[in-house]
Amino acid sequence: MTRLVAAVVLLLFSVAGIVSASRYAPGDVLRLPSETSRFFHRSDNDEVEGTRWAVLIAGSNGYWNYRHQADVCHAYQLLRKGGLKEENIIVFMYDDIAFNEENPRSGIIINSPNGDDVYKGVPKDYTGEDVTVNNFLAAILGNKSAITGGSGKVVDSGPNDHIFIYYSDHGGPGVLGMPTYPFLYADELIDTLKKKHASGTYKSMVFYLEACESGSIFEGLLPEGLNIYATTAANAEESSWGTYCPGDYPSPPPEYETCLGDLYSVAWMEDSDIHNLRTETLHQQYELVKRRTINGNSAYGSHVMQYGDKGLSKDHLFAYLGTNPANDNFTFVDENSLQPPTKAVNQRDADLVHFWDKYRKAPDGSVRKVEAQKQFIEAMSHRMHIDHSMKLIGKLLFGIERGPEVLNAVRPAGQPLVDDWKCLKKMVRTFEMHCGSLAQYGMKHMRSLANVCNARIQTEQMAEAAAQACVSIPSGYWSSLQEGFSASI
């Protein structure tokens, strides 16, 4: 017995020595021999019952939105290193970035200034015009017959399986962007998640969402009891942020004129890249990502939120993301949060950053400089048109003084954005018919249109006000309705 006690004491001293010796290792990562690590951190997640599935989607296109596809490609590489099979990962991305003429490294996508290529090997399940709301929701449900185009790959999961969904894009109150029309509305997504639960084809699901006002997608809408845990890059009222942008520190390589990633997204992925995910829980990552994304309560950050069955946050990340065997010795410790950037760029301004940096670097008198100037002016003109039109409609419907008050009203926490989602989509369609496409920037005004519905305004009244506010639809790229409307009715 004495020998056994002595052996245990010696083991503890040796482990303490290892921990002490590595206390100041780069990244403050606790290093333990893999066998000892597993002994001290054993959990039910060491071997996960069932299959891990993942759906990854970048909901934008255009080189100025480089970061969304970079995020998704990075997530794919992380999952593959974690042990997920390609057949169980479904990727949606427009795929217009890697070989874009603007890309300084053709065929390569990076997600951080010194990052490796994350594009190589990413499957092209759904690209271009196949990145649609219908295909995305059908893939989640495992409904192959509803898929049009693409690889046909869906989440063909069973009752013991674990599903991870990651969405990176622009958004607005109650809406998520897509590179095709229509956009995805919160009620459609929540209805799909409820149907998936009712089918009994998963054990638990985790949803990570990067978008402006992303909290509004789940706020008052995602009930407990579906075995779904969701975190969002922002609350229901604020923008999310791009990072590794021109002018930031750290900045992208000088030849890049666009943001390489998104603040919330790189926070969870860069954390997952370096740790043994058998030892880190969803809750620990949530807390770490929340601290990094709020960016010291500076003007360059947002409030990461959590929704749904928060009890699932006790699960280890391993159950959903797997873990890279190379990280077996790198156990999560609370103090190892990666440092946030000193600055970040509002998601909605990232296109302007690209156009301006492109203009600034282009030689005087060059075609490139003229093109960049035109792109910048068109984007600004679209913004001014949308903002002015929405304000004027509010005044026409509710009066000069009350208009802004009604449009900008925010419901108490826990309530959904709107009572009648069909009404909201009708209001979006009515606005666009008279004033042109909302496009990615205009999604910020979705709350105003929701408040029009909440005020019981009829579609005919909205149509009359929009016709008065917008004499004609601007001819620029952003206002064009050629690709379709933002809402289907």
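Refer to the preceding data block for the structure.
The text that follows walks through the structure, step by step, so that each part is easy to find. (Residues numbered from 1 in each chain as written. Predicted model: local features only at pLDDT ≥ 70, side-chain atom pairs only at ≥ 80, totals over all residues. Heavy atoms only, no water.)

Remarks on empty space enclosed by the protein
- This structure, assessed with the given rule, holds 3 cavities of 30 Å³ or more.
- Approximately 50 Å³ is the volume attributed to the largest cavity.
- Together, Tyr-208, Thr-231, Tyr-264, Trp-268, Gln-285, Tyr-286, Val-289 and Val-304 line the largest cavity.
- It is helix H7 (residues 282-294) that contributes the most residues to the lining of the largest cavity, 3 residues altogether.
- Within the lining of the largest cavity, the residues separate by chemical class into 6 nonpolar, 2 polar and no charged. (1 Å grid on protein atoms, 1.4 Å probe; cavity = no way out; pocket = protein on both sides within 12 Å on 5 of 7 lines; lining within 4 Å. Points joined across faces, edges and corners; volume = space filled by probe spheres on them. Helix = DSSP H or I, 4+ residues; strand = E, 2+ residues; numbered from the N terminus. Nonpolar A, V, L, I, M, F, W, Y, C, P; charged D, E, K, R; others polar.)

Some remarks on the state of the cysteines
- Throughout the structure, instances matching the rule amount to 3 disulfides.
- Paired by a disulfide, Cys-423 and Cys-453 hold their sulfur atoms 2.2 Å apart. Negative torsions about the S-S bond denote left-handed disulfides, and the value of about -100 degrees found for Cys-423 with Cys-453 makes this one left-handed. Highlighted residues: Cys-423 in helix H12 (residues 421-435) and Cys-453 in helix H14 (residues 446-454), separated in sequence by 30 residues.
- Among the residues examined, Cys-453 registers a relative accessible area of 7% and is labelled buried.
- Disulfide partner of Cys-435: Cys-470, at an S-S distance of 2.0 Å. (Disulfide = S-S within 2.5 Å. Buried < 20%, exposed > 50% of the residue type's maximum accessible area, 1.4 Å probe, protein only.)

A look at the layout of surface pockets
- When its volume is computed, the largest pocket comes out at roughly 490 Å³.
- Taken together, 25 residues line the largest pocket, and the ones lying closest to its centre are Asn-61, Pro-179, Tyr-181, Tyr-477 and Glu-483.
- Residue classes in the lining of the largest pocket are distributed as 10 nonpolar, 12 polar and 3 charged.

Details of the sheet that holds strand S7 (residues 184-185)
- Pairing in this open sheet of 3 strands is antiparallel, and the strands run S5-S6-S7 from one edge to the other. Looking at which strands have only one partner, the edges of the open sheet turn out to be strand S5 (171-172) and S7.
- Alignment of strand S6 (residues 175-176) against S7, held across 2 bridges, turns out to be antiparallel. When the sheet's bridge partners are listed, Leu-176 is paired in S7 with Leu-184. (Pairing = 2+ DSSP bridges.)

A short note on H14
- Counting buried positions along H14 yields 8 of 9 residues, so the element is predominantly enclosed.
- Turning to H14, its buried residues are Met-446, Arg-447, Ser-448, Leu-449, Ala-450, Asn-451, Val-452 and Cys-453.
- Following H14 by one or two positions, Arg-456 has its phi on the positive side, about 65 degrees.

Keep in mind these numbers describe shape, not what the thing actually does.
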